[in-house]
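Architecture and fold: a report
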Amino acid sequence: MKVLAIDIGTSFVKGAILDVGARRIEDVRRVPFPEPVTGLPTAWVEIDPAAVTGAVDSLIAELGSAAGVCEGVYLCGQMGGVILVDRDAQPRTNYLSWRDQRVLESNDSDGSNTFEQVRQCLTETRLAELGNELRPGSCTSLLFWLAEHEPSLLDGASPLSLPAFVVAHLIGKIPAEDATCAIGSLDLRRGGWHHEAFRALGLEGLVWPEVSHSRAAVGETRIGGRSVPCYAGVGDHQCALLGVGLGPDEISVNVSTGSQVSRLIDSAAEGPFQVRHYFDGRLLQTITHLPAGRSLDGLVALLTEIPRAAGAACGDVWAFVHEQVNAAGPSTLAADVSYFSGALGDRGSLSGMRLENMTVGNLFRAAFESMARNYAECARRLDPQQSWQRIAFSGGLANRFEILRTLVLSELPGPHRLCADREDTLTGLLALALAADGQAESVIAASVALRSEATCAAATS
């Protein structure tokens, strides 16, 4: 049996054919995610919904033709942000991206901002019940802004995540919103929408879709002249960890463009972390928006600014960084690369500079040491008793830089495994398809089985 998989990422919309019987990902294709709408204020990030659905339709048409008979469509995508639709699932707004920062703009009257107003409307108890998921680009923050500035848009509208909107486009009706996508809007005590929080924010006029914890199909779409089951879109963070095969006895350290530390839990807990719905009734305890590739890119941009301004080619900068970091010893520089807003602050620093340590190797070694300390601190926030049995490393940077893994393990010694730099989200969607096909007793069991198979294949290759 073959099904299609679609991952609506921030940089690319990616698709593939999943051979469920062979447990194999085939024919991976990607197209760029649409650029933001132009002509808007700097802090706003809006995406034309038709551009997103057009990219998805194109991939599905290509992959459906290549697959022959297709038996289903599985989808994951960006969480956060929001798009409003009418009762016929037609968009009333653009997709307001999770990258949108309009709620941080100062109000002319008193210098405060919308995000501060949202925070004042929510008690500490309500915020904890929402999983500590309040951010400038969250659904609730952006809806509050719309209620203040364009209230007519909200009357009778349904707010959807981007994955749910794409599914609505495919099946022609508003689908149930998967719990993994509805971050920062669900009451973790009950698993449904937090209507008390919505009332506190003045969001009573909205028509919220059903919340789904089921893995059943939510409707059908047409591929190759046939009606094909379409499944609820799931969150890309949780889907990637499903692809990693995260087990209950592990803690995940994911290092890519962005970065997270996560672990599975059975019931909601309060603390300096976020809590999200996962699969099979589990929850995910996580700390996201940690400095990683995006912060390192900032250092690369600084170091190459002069030659780029002169029109010189910089070559393979990352290969040079890799070589110099491996050659450098412990850095006498002290770096803090938390210069994007996140759980560890929004102001970085560099200290201890001397003429002899102002080199690329020392700078990036100091940055890696800073990242390793961050991961250790976050792991201890999630689990002060350090009860995990193993660290699961994943992501492109974790794969590329052994020195980074070594530094993390010097902070958190113990067993670990490295997940090959592969298609984590597509593997997660394959786990969902395997469970739906009855090849595993649960989604998590399917993901662990795929992990074991991948390990065996790597060992014999």
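The coordinates are above.
To start, this report covers the structure provided alongside it. Just so you know, these numbers come straight off a predicted model, no measurement behind them.

**So, the overall build of the chain**
When helices and strands are tallied, the chain shows 15 helices and 21 strands. For 461 residues, the compact-globule formula gives about 23 Å, and the C-alpha radius of gyration of the chain, at 22 Å, lands near that figure. If you line up the chain on its principal axes, its C-alpha atoms span 65 × 65 × 50 Å. Relative to its full complement of 461 residues, the chain shows a buried share of 53%. Counting contacts in the chain only where the partners sit at least 6 residues apart, residues at least 24 apart contribute 69% of the total. Surface summary for the chain: the accessible area is close to 19300 Å², and the carbon and sulfur share equals 50%. Within the chain, one finds 37 positive and 54 negative side-chain charges whose respective centroids are separated by 4 Å.

**A word on the packing of helix H10 (residues 317-327) against helix H11 (residues 360-382)**
The contact between H10 and H11 brings their axes to 8 Å, and the two run at 80°. Of the possible angle classes, the one that applies to H10 and H11 is roughly perpendicular. Residues Trp 318, Phe 320, Val 321, Gln 324 and Val 325 of H10 form the contact with H11, whose own contacting residues are Val 360, Gly 361, Phe 364, Arg 365 and Phe 368. A class-by-class count of the residues in the contact of H10 with H11 yields seven nonpolar, two polar and one charged.

**Focus on the pattern of salt bridges**
Within the structure shown, the criterion is met by 24 salt bridges. Across the pair Arg 29 and Glu 62 runs a salt bridge, and its minimum N-O distance is 3.1 Å. Here Arg 29, found in strand S3 (residues 24-32), pairs with Glu 62, found in helix H1 (residues 49-67); they are 33 residues apart in sequence, far enough to count as distant. For Arg 29, a relative accessible area of 26% translates into the label partly exposed. One network of salt bridges, in which partners are shared, links Lys 2, Asp 19, Arg 24 and Glu 26.

**Description of H10**
Along H10, the residues classified as buried are Trp 318, Val 321 and Val 325. Seen from one end, H10 has its buried residues packed into an arc of 55°, which puts them on one side. Each element contacted by the buried residues of H10 is listed here: helix H8 (293-303), H11, helix H12 (396-400) and helix H13 (402-411).

**Focus: the sheet that holds strand S14 (residues 250-255)**
Spatial ordering of the open sheet is given by S16-S17-S15-S14-S20-S21, a layout of six strands whose pairing is mixed. The sheet is open, and its two borders are formed by strand S16 (274-277) and strand S21 (416-418), each paired with just one other strand. Neighbouring strand axes in the sheet, compared pairwise and without regard to direction, differ in orientation by 25° on average. Looking at chain direction, strand S15 (residues 259-265) and strand S17 (residues 283-287) are connected through five bridges and run antiparallel. Counterpart to Ser 262 in the pairing with S17 is Thr 286. Of the strands in this sheet, S14, S15, S16, S17, strand S20 (390-394) and S21 are in contact with helix H7 (residues 236-244), which crosses S17 at around 105°.

**Quick notes on the side chain of Asn 362**
Relative to the helices and strands, Asn 362 resides in helix H11. The buried category is assigned to Asn 362, whose relative accessible area is 15%. The contacts of Asn 362, once residues within four sequence positions are left out, are Ala 328, Ser 331, Thr 332, Leu 333, Glu 356 and Asn 357.

**With respect to the packing of aromatic side chains**
Considering all chains together, one arrives at nine aromatic pairs under this definition. Both rings, one in Tyr 278 and one in Phe 279, keep their centres 5.0 Å apart while their planes meet at 65°; by these two values the pair is edge-to-face. Each member of the pair Tyr 278 and Phe 279 is classed as buried. Members of the aromatic cluster, each reached through a chain of ring pairs, are Trp 318, Phe 364, Phe 368 and Phe 401.

**Describing the pairing of S17**
Here S17 lies mainly inside the structure; five of its five residues are buried. With burial as the criterion, each face of S17 is covered, one bearing Leu 283, Gln 285 and Ile 287 and the other bearing Leu 284 and Thr 286. Note that S16 and S17 share four bridges and pair antiparallel. Within S17, the residue paired with Arg 276 across the bridge is Leu 284. Two successive antiparallel strands, S16 and S17, enclose a turn made up of five residues, where Asp 280 displays a positive phi of approximately 60°.

**Remarks on the nonpolar core**
The biggest cluster of nonpolar side chains holds 42 residues, and the ones touching the most others in it are Val 255, Val 261, Leu 296, Phe 364, Phe 368, Met 371 and Tyr 375. With eleven residues, H11 is the largest single contributor of residues to this core. Once residues lying within four places of it in the same chain are set aside, the contact partners of Leu 296 are Trp 318, Tyr 339, Phe 364, Ala 367, Phe 368, Met 371 and Leu 397. One finds Ile 17, Val 52, Val 85 and Val 218 within the second-largest nonpolar core, a separate group that totals 35 residues.

What counts and how
Residues numbered from 1 in each chain as written. Predicted model: local features only at pLDDT ≥ 70, side-chain atom pairs only at ≥ 80, totals over all residues. Heavy atoms only, no water. Helix = DSSP H or I, 4+ residues; strand = E, 2+ residues; numbered from the N terminus. Rg over C-alpha atoms; globule rule 2.2 N^0.38 Å. Buried < 20%, exposed > 50% of the residue type's maximum accessible area, 1.4 Å probe, protein only. Contact = heavy atoms within 4.5 Å. Areas by Shrake-Rupley, 256 points an atom, 1.4 Å probe, with all protein chains shown as cover. Lys, Arg positive; Asp, Glu negative; His and termini not counted. Charge placed at Lys NZ, Arg CZ, Asp CG, Glu CD. Axes fitted to C-alpha atoms, helices over the stretch in contact; angles between N-to-C directions. Parallel < 35°, antiparallel > 145°, perpendicular 65-115°, else oblique. Nonpolar A, V, L, I, M, F, W, Y, C, P; charged D, E, K, R; others polar. Salt bridge = Lys/Arg side-chain N within 4 Å of Asp/Glu carboxyl O. Arc of directions from axis to C-beta. Pairing = 2+ DSSP bridges. Phe/Tyr/Trp six-rings, centres within 6.5 Å; stacked < 30°, edge-to-face > 60°. Core = buried A, V, L, I, M, F, W, Y, C linked by side-chain atoms within 4.5 Å.

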